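# Architecture at a glance
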Amino acid sequence: MKDISQKLIEQMLCDRRTLHRRPELGWTEFEASSYVADRLNCLNIDFKVGGEFLDIPSVQGRSEQEVQEAIKRALAHGVPESFIERTQGYTGIVGFFDTKKPGPTIAIRADLDAVPVQESSDPSHEAVKGDYASAFPGVMHACGHDAHTSILLALAEWIVQNKEDLCGKFKFVFQPAEEGVRGGLAVANGGVVDDVDELLCFHIGSKCKLGEIGICEKGFLATTKLNVSFEGVPAHAGSNPEAGKSALLAACNAATLIAGIPRHSGGLTRVCVGKLIAGESRNVIPAHASMEIETRGETAELDKFMVENVKRIVTSSAAAFDLTAKVEIIGSAVNLETDKEISLKLQEIAEANNLAKKVTYHNDVPASEDCTWLIKRVREKGGKAGYFMFGCNNNGHHKSDFSIQDESTLPVGLKMLKQYVVARCSAE
């Protein structure tokens, strides 16, 4: 069986930096999806894109206007119109490879999207020094998804190179719209992982510093992202204020009450009113208000408790101010639950291959990840799943100077996945 070549590592780094230059927000990753498709085509790996594998009714937080703008940009940058048509307007891609020998079906998931962050222009920033900083103002790969995609492409190439020594089937899941936890549910409900025996998910950075590997068995929080709109009646604040119904006051009342939702004794709970926009001018009773809210819980049940309280408060505030309100769920994830067998195998691989100076368990990550929908689906269908992190000195995720030291870090992620494949899928 061939080892990972220097040529493959160099290709992986090239992929990462190419993707970093042209970051795309969730549900607009047409260039990234096309890039992945081209690489899979070169490897003779069959694939499905966008609407071919997603459960469209489960798509969350997608803006048709943003999608159409992204399609125009992608076409202008050389993405074939035939590829855009094949997506049906939805991003993401899943590759399928069969060794033609009996064995397990292994799926590995990576994410495609970037975040709305302006990348640093500081000359010391690694992407500036390397001349691959974001070409798009206000958008950046500040969470490492470009690294994840590149690692999975490299793994796919290594598997093809070693197909004669491997067994079973592989699925390479390049998920759209992880940020805001908007894409995982549509991938899971599309059924693409229903026949998977083992699913691996991974992430660079987080709590792990350079030289560390972290294994997660639990700890990511269930979450729901909600958009709330209040619709009142405008009126002149001087001549006839009694005719108005203030959406602004209803929203402010709701925001205060939402902050006061009691936390649950059953486990960790969170709620945040992160954004409130209301009003037209100083002399008009404001007729429109919008809010962006998120809830989190240690379990799906605890998150549901917070969501139901938010909905109750919004409805009550609308009634109190005699106007209407609408609550829309635009993103969601469940809490993380993986399988001990997979976790122990990941630990064994990390330690036996000297892939890290430190291997630890991280079961208290207070963030959220929508690969949990895929993990939940696989486990419900009888499969098993695992999750690991590999470290970098990142300065903080979603920050303008997010850095990952790709020459040192990406090979670690690739080798973890490669050794797992060797352990589970070596042909007899």
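Located above this text is the structure these notes cover.
Cut-off values and rules
Residues numbered from 1 in each chain as written. Predicted model: local features only at pLDDT ≥ 70, side-chain atom pairs only at ≥ 80, totals over all residues. Heavy atoms only, no water. Helix = DSSP H or I, 4+ residues; strand = E, 2+ residues; numbered from the N terminus. Rg over C-alpha atoms; globule rule 2.2 N^0.38 Å. Buried < 20%, exposed > 50% of the residue type's maximum accessible area, 1.4 Å probe, protein only. Contact = heavy atoms within 4.5 Å. Pairing = 2+ DSSP bridges. Axes fitted to C-alpha atoms, helices over the stretch in contact; angles between N-to-C directions. Expected span 1.5 Å × (residues − 1). Phe/Tyr/Trp six-rings, centres within 6.5 Å; stacked < 30°, edge-to-face > 60°. Polar contact = N/O pair within 3.5 Å; in protein donor to acceptor, adjacent residues only side chain to side chain. Arc of directions from axis to C-beta. Salt bridge = Lys/Arg side-chain N within 4 Å of Asp/Glu carboxyl O. Core = buried A, V, L, I, M, F, W, Y, C linked by side-chain atoms within 4.5 Å.

### What to know about the overall build of the chain
Each helix and strand counted, the chain has twelve helices and twelve strands in total. What you see for the chain is a C-alpha radius of gyration of 23 Å, in line with the 22 Å of a compact globule of 428 residues. Referenced to the eigenvectors of the C-alpha coordinate spread, the extents of the chain come out at roughly 85 × 50 × 40 Å. Looking at the 428 residues of the chain, the share that counts as buried comes to 55%.

### Some words on the side chain of Thr 105
Counting through the fold element by element, Thr 105 comes out in strand E3 (residues 105–111). Setting aside chain neighbours within four positions, we find Thr 105 in contact with Lys 169, Lys 171, Asp 195, Val 196, Asp 197 and Glu 198.

### Topic: the sheet that holds strand E4 (residues 169–175)
The strand order across the open sheet built from eight strands is E1-E2-E4-E3-E5-E12-E6-E11, with neighbouring strands paired in mixed fashion. Each of the sheet's edge strands pairs with one partner strand only, and the pair in question is strand E1 (46–49) and strand E11 (358–361). Taking the axes of each pair of neighbouring strands and ignoring which way they run, one obtains an average angle of 20° across the sheet. Each of strand E5 (198–204), strand E6 (212–216), E11 and strand E12 (384–390) touches helix H10 (residues 340–352); the most contacted strand, E12, lies at about 35° to it. Along the sheet, helix H11 (residues 371–380) makes contact with E3, E4, E5 and E12, crossing E5 at roughly 160°.

### Things to note about unusual backbone geometry
Even without being a glycine, Trp 27 presents a positive backbone phi close to 70°. By secondary structure assignment, the location of Trp 27 is in the loop between helix H1 (6–21) and helix H2 (30–42).

### Section: helix H12 (residues 406–425)
With 20 residues, H12 extends 27 Å between its outermost C-alpha atoms, agreeing within 8% with the 28 Å of an ideal straight helix rising 1.5 Å per residue. Where burial is concerned, most of H12 is hidden: 14 out of the 20 residues are buried.

### Concerning the packing of aromatic side chains
Taken as a whole and judged by the stated rule, the model has six aromatic pairs. Aromatic side chains Trp 27 and Tyr 90 sit 6.3 Å apart centroid to centroid with 90° between the ring planes, which places their arrangement in the edge-to-face category. Linking Trp 27 in the loop between H1 and H2 with Tyr 90 in the loop between helix H4 (81–87) and strand E2 (93–98), this pair joins segments that are 63 residues apart in sequence. Here Phe 202 and Phe 388 contribute two aromatic rings whose centre-to-centre distance is 5.9 Å and whose plane-to-plane angle is 20°, an arrangement assigned as stacked.

### Topic: the side chain of Asp 146
Checked against the element boundaries, Asp 146 lands in helix H6 (residues 145–161). Asp 146 gets classed as buried once you look at its relative accessible area, which sits at 1%. A polar contact is formed between the side chain of Asp 146 and the side chain of His 20, at a distance of 2.8 Å. Residues within four places of Asp 146 in sequence aside, it is in contact with Arg 16, Leu 19, His 20 and His 141.

### Examining H10
The end-to-end C-alpha distance of H10, which contains 13 residues, comes to 18 Å, matching closely the 18 Å that a straight helix rising 1.5 Å per residue would cover. Buried within H10 we find Ile 342, Ser 343, Lys 345, Leu 346, Ile 349 and Ala 350. Summarising the axial view, the buried residues of H10 lie within an arc of 160°, below the 170-degree limit, and thus occupy one face. Against the buried residues of H10 lie E5, E6, E11, E12 and H12.

### Notes on the sheet that holds strand E9 (residues 288–297)
Spatially, the four strands line up as an open sheet ordered E8-E9-E7-E10, and their pairing is antiparallel. Looking at the sheet topology across the chains shown, the edges are occupied by strand E8 (269–278) and strand E10 (324–333). Neighbouring strand axes in the sheet, compared pairwise and without regard to direction, differ in orientation by 15° on average. Contacts from helix H8 (residues 247–259) reach strand E7 (222–231), E8 and E9 within the one sheet, and its direction differs from that of E9 by about 15°.

### Focus: the pairing of E9
Examined bridge by bridge, E7 and E9 share ten bridges and lie antiparallel to one another. Residue pairing in the sheet places Val 228 in a bridge with Met 291 of E9. Alignment of E8 against E9, held across nine bridges, turns out to be antiparallel. Opposite Lys 275, over in E9, you have Glu 292 as the bridge partner.

### A word on the pattern of salt bridges
Tallied over the full model, the rule gives 27 salt bridges. Residue Arg 22 pairs with Glu 31 through a salt bridge whose shortest N-O separation is 2.5 Å. Here Glu 31 falls in the buried class, since its relative accessible area comes to 9%. As a salt-bridge pair, Lys 171 and Asp 195 come within 2.6 Å of each other at their nearest N and O atoms. Of this pair, Lys 171 sits in strand E4 while Asp 195 is found in the loop between helix H7 (184–189) and E5, placing the two residues 24 residues apart along the sequence. In the salt-bridge network here, residues are joined through shared partners; they are Arg 16, Arg 17, Glu 126, Asp 146, Asp 406 and Glu 407.

### Examining the nonpolar core
In terms of nonpolar packing, the biggest core is built from 70 residues, with Ile 108, Ile 159, Phe 170, Phe 172 and Phe 174 touching the most fellow members. Considering each element in turn, this core owes the most residues, ten residues, to H6. Contact partners of Phe 174, with chain neighbours within four places excluded, come to Val 36, Leu 40, Gly 92, Ile 93, Ala 110, Leu 112, Thr 149, Leu 152 and Leu 153.

These results come straight from atomic positions and should not be treated as a statement about function.
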